Amino acid sequence: MGGSRFSKGPKSDQVMELLPFCSIFLFTLLASSVSEARNVGVNYGRVANNLPPATKVVALLKSNGIGHVKLYDADPSVLRALAGSGIKVVVSVPNELLASVAARPGFAQQWVQRNVAAYYPSTKIHAIAVGNEVFVFPRNNITNFLVPAMQNVHAALVRLGLDADVKISSPIALTALQNSYPSSAGSFRPELVETVIRPMLEFLRQTGSYLMINAYPFFAYEANSDVISLDYALFRPNSGVVDAGNGLKYYNLFDAQIDAVFAAMSALKYDDIKIVVSETGWPSKGDTKETGAAAENAAAYNGNLIRRILSGNGGTPLRPQADIDVYLFALFNENQKFGPASERNYGLFYPDEGKVYDVEFSLGGGGGGGLRWEEDGGRPSPSNSTSAPPAAEGAGGTVRASSTGETWCVANAVVGKARLQAALDFACGEGGADCRYIQPGAACFEPNTVEAHASYAFNSYYQKQGRAGGSCYFGGGAYIVSQSPSKYPIPTLSTVQISPLLGFGFNRRSGFFPLYGFG
């Protein structure tokens, strides 16, 4: 099967009548399948005494295709090492400086001059994180300094002519939420709303910035493993969870957490603010009581999340078209961090630069490429493996729900024709998709491209599988969309009598422990 293996043939009158539909619909799917992929970066923490020098770290980032990095300070040696690398950088104003930055505009100006302007643009600083998880401790004495500090840093950027290129935000933990379950009921803690949340969101809106969120499904799973499926936490195939408030179905805990924040912002009328996930990750090791802390789970979580974001499928059920960038925590295991063992084992790399587990930051790498990981860390559990094709091992059910609940599976051209062809061969062969209408001379043979035929076959397979979680993956070569094809001339059983053949669906860190049940 596939575009390169078909030859053109004559078309009957009936086929010619169907051709406009197939061409329009499949070209539409193609357009959606190459939607812009977002970015996956890493947090470069340095609470350790055995890390390599910054110059070697930059080389490590580049060799692994990591193009975005977030720092917890603005260390001169790191910023100098990043100069000329092309890596985009987030620098941070530490919490201990918030009072001074808020109270003294001159101090803020000096900080920006020394830590941003002195290195820009050779070092591609594109954002400043002002503080970090300021609201975690209710009785801290710095919450009231946050927005004034952000305003003073922004004013300094304006004076230096950098405000258009460098955005300001502040990472918040999910402890800022009063309610998080179901996601549709998400709301901020009332004591924070008027004092800091609303002013901060207004600042973000006025400056064209975004809200930074630190989200850790690991903590929710660890605390509630008796009711939360590990597959649900790791983006693996699962039966999903329906939000009783709005009827949307969730196939992973990450989406549920992010949508709780979107809902909280919506309740305050800030639907237009974007989200960047400034921290997320999964520990490769933990104490005995830290359920789920294991290398295979860390590989599955991070690997599946990377693949999803880079495939241009970063939206959530509540915000299907959301462009969400993600920063993984963390680059290295950090041996001087306090707390349980997991705190010292979030790294993708050991201090000697060896990989803790094998995860790639690109799609379609060499040698068959794509994301891969050791110890079968990304494979679905046996209980779910029958719902996904062999090519979909490790997939998580990522569903973008339309207003009617209908979804379709389309080809993701970013993975390349070779991988699409292999997935197409599976779908039309062992997978059992009905591919008669993309054969030479058939109604949907044109456009004769592997991408168009793959979209047809993938969707046929997906619909035949009942849109089960993991049935729209195909080794990263497909993803789910909720844009209904109803705007196009879709045939129905009453008009064409082939809809069953088409298969289209016509008719650490956050301290946040939401309880998500499972069907």
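Residue numbers restart at each chain and count upward from 1, following the sequence in its written direction. Local features in a predicted model are, by the rule used here, given only for residues with pLDDT of at least 70; side-chain atom pairs are given and counted only at 80 or more, and totals for whole chains, interfaces and linings are based on all residues. For side-chain calculations, the full set of non-hydrogen atoms in the structure is used, while hydrogens and water are omitted.

As annotated in an unreviewed UniProt entry, the protein carries the name glucan endo-1,3-beta-D-glucosidase and is attributed to Zingiber officinale. UniProt positions are given in the numbering used here, feature names are shortened, and annotations may be inferred rather than shown by experiment. Under the Catalytic activity (unreviewed entry) heading, UniProt states for the protein: "Hydrolysis of (1->3)-beta-D-glucosidic linkages in (1->3)-beta-D-glucans." The protein has a UniProt comment under Sequence similarities (unreviewed entry) that states "Belongs to the glycosyl hydrolase 17 family."

Topic: helix α5 (residues 105-117)
Every buried residue of α5 is listed here: F107, A108, Q109, W111, V112, N115 and V116. Where α5 is buried, its residues contact α3 (76-82), β3 (88-93), α4 (98-103), β4 (124-130) and α6 (146-159). For the exposure calls, accessible area comes from a 1.4 Å probe over protein chains only, and a residue counts as buried if that area is under 20% of its type's maximum, exposed if over 50%, partly exposed in between. Numbering of helices and strands runs from the N terminus; a helix is a DSSP stretch of H or I covering at least four residues, while a strand is a stretch of E covering at least two. Throughout, a residue-residue contact means that at least one pair of heavy atoms, one from each residue, lies within 4.5 Å.

Quick notes on the state of the cysteines
Disulfide assignment relies on a single distance test, namely cysteine sulfur atoms paired within 2.5 Å. For the coordinates displayed, the defined rule picks out 2 disulfides. C409 shares a disulfide with C472; S-S distance 2.1 Å. The sign of the S-S torsion, about 85°, decides the handedness of the disulfide formed by C409 and C472: right-handed. With a gap of 63 residues between them, C409 in strand β14 (residues 408-411) and C472 in the loop between α13 (450-464) and β15 (478-481) connect regions that are remote in the sequence. For the residue pair C409 and C472, the accessibility class agrees, reading buried in each case. Here C428 connects covalently by a disulfide to C435, the sulfurs 2.0 Å from one another. Around the S-S axis, the bridge from C428 to C435 shows a dihedral of about -85° and counts as left-handed. The pair formed by C428 and C435 is uniform in burial state, with each residue classed as buried.

Regarding the confidence of the model for the protein
Per-residue confidence for the protein gives a mean pLDDT of 80; residues scoring 70 or more make up 76%. pLDDT is defined as a per-residue confidence score from the predictor, taking values between 0 and 100. Confidence over residues 23-35 falls short of pLDDT 50; this stretch has 31 contacts with residues more than four positions distant or in other chains. In the predicted structure, residues 484-519 sits below a pLDDT of 50 and forms 109 contacts with residues beyond four places in sequence or in another chain.

Regarding the packing of aromatic side chains
Stacked, edge-to-face and tilted labels apply to pairs of Phe, Tyr and Trp rings (six-membered ring for Trp) whose centres lie within 6.5 Å, assigned for plane angles under 30 degrees, over 60, and everything in between, in that order. What the rule picks out here adds up to 16 aromatic pairs. Pairing Y216 with F219 gives two aromatic rings, centres 5.7 Å apart and planes at 70°, and the pair type is edge-to-face. By relative accessible area, which is 9% here, F219 ends up buried. Chaining the aromatic ring pairs together yields one cluster made of Y72, Y216, F218, F219, Y221, F235, F254, W282, Y301, F329 and Y346. Only when the NZ atom of a Lys or the CZ atom of an Arg is both within 6 Å of the ring centre and within 35 degrees of the ring normal do we say a charge sits over the ring. The side chain of R46 reaches across the aromatic face of Y44, ending 5.7 Å from its centre.

Some thoughts on the side chain of S92
Looking at where S92 falls in the secondary structure, it is placed in strand β3. Polar contact is defined as a pair of N or O atoms within 3.5 Å, subject to the rule that within protein one atom must be able to donate a hydrogen and the other to accept it, and that residues adjacent in sequence are counted only when both atoms are side-chain atoms. Of the polar contacts made by the side chain of S92, one reaches the backbone oxygen of L71; its length is 2.6 Å.

Points about the pairing of strand β1 (residues 40-44)
For a regular strand, side chains alternate in direction, first toward one face of the sheet and then toward the other. The buried fraction of β1 is high, at 5 of 5 residues. Burial along β1 is two-sided: the face carrying V40, V42 and Y44 and the face carrying G41 and N43 are both buried. Of the pairings in the sheet, the one linking β1 to strand β13 (residues 326-328) comprises 3 bridges and is parallel in character. What sits directly across from V42, in β13, is L328. In terms of strand pairing, β1 meets strand β2 (residues 68-71) through 3 bridges, oriented parallel. Strand pairing is assigned whenever DSSP identifies at least 2 bridges connecting the two strands.

A short note on α13
When the terminal C-alpha atoms of α13 are compared, their 21 Å separation across 15 residues agrees well with the 21 Å that a helix rising 1.5 Å per residue should span. Here α13 lies mainly inside the structure; 14 of its 15 residues are buried. At the exit of α13 stands G466, carrying a positive phi of roughly 70°. Residue count minus one, scaled by 1.5 Å, sets the expected span of a helix.

Focus: the pattern of salt bridges
Just to be clear on terms, a salt bridge is a Lys or Arg side-chain nitrogen sitting within 4 Å of an Asp or Glu carboxyl oxygen. Overall, the coordinates contain 14 salt bridges when judged by the stated rule. Here R189 ties to E191 by a salt bridge, and the two come within 2.9 Å at their closest N and O atoms. Given the relative accessible area of 10%, R189 is considered buried. Here E191 falls in the partly exposed class, since its relative accessible area comes to 45%. Each of the salt bridges in this network shares a partner with another, and the network as a whole consists of R46, D73 and D75.

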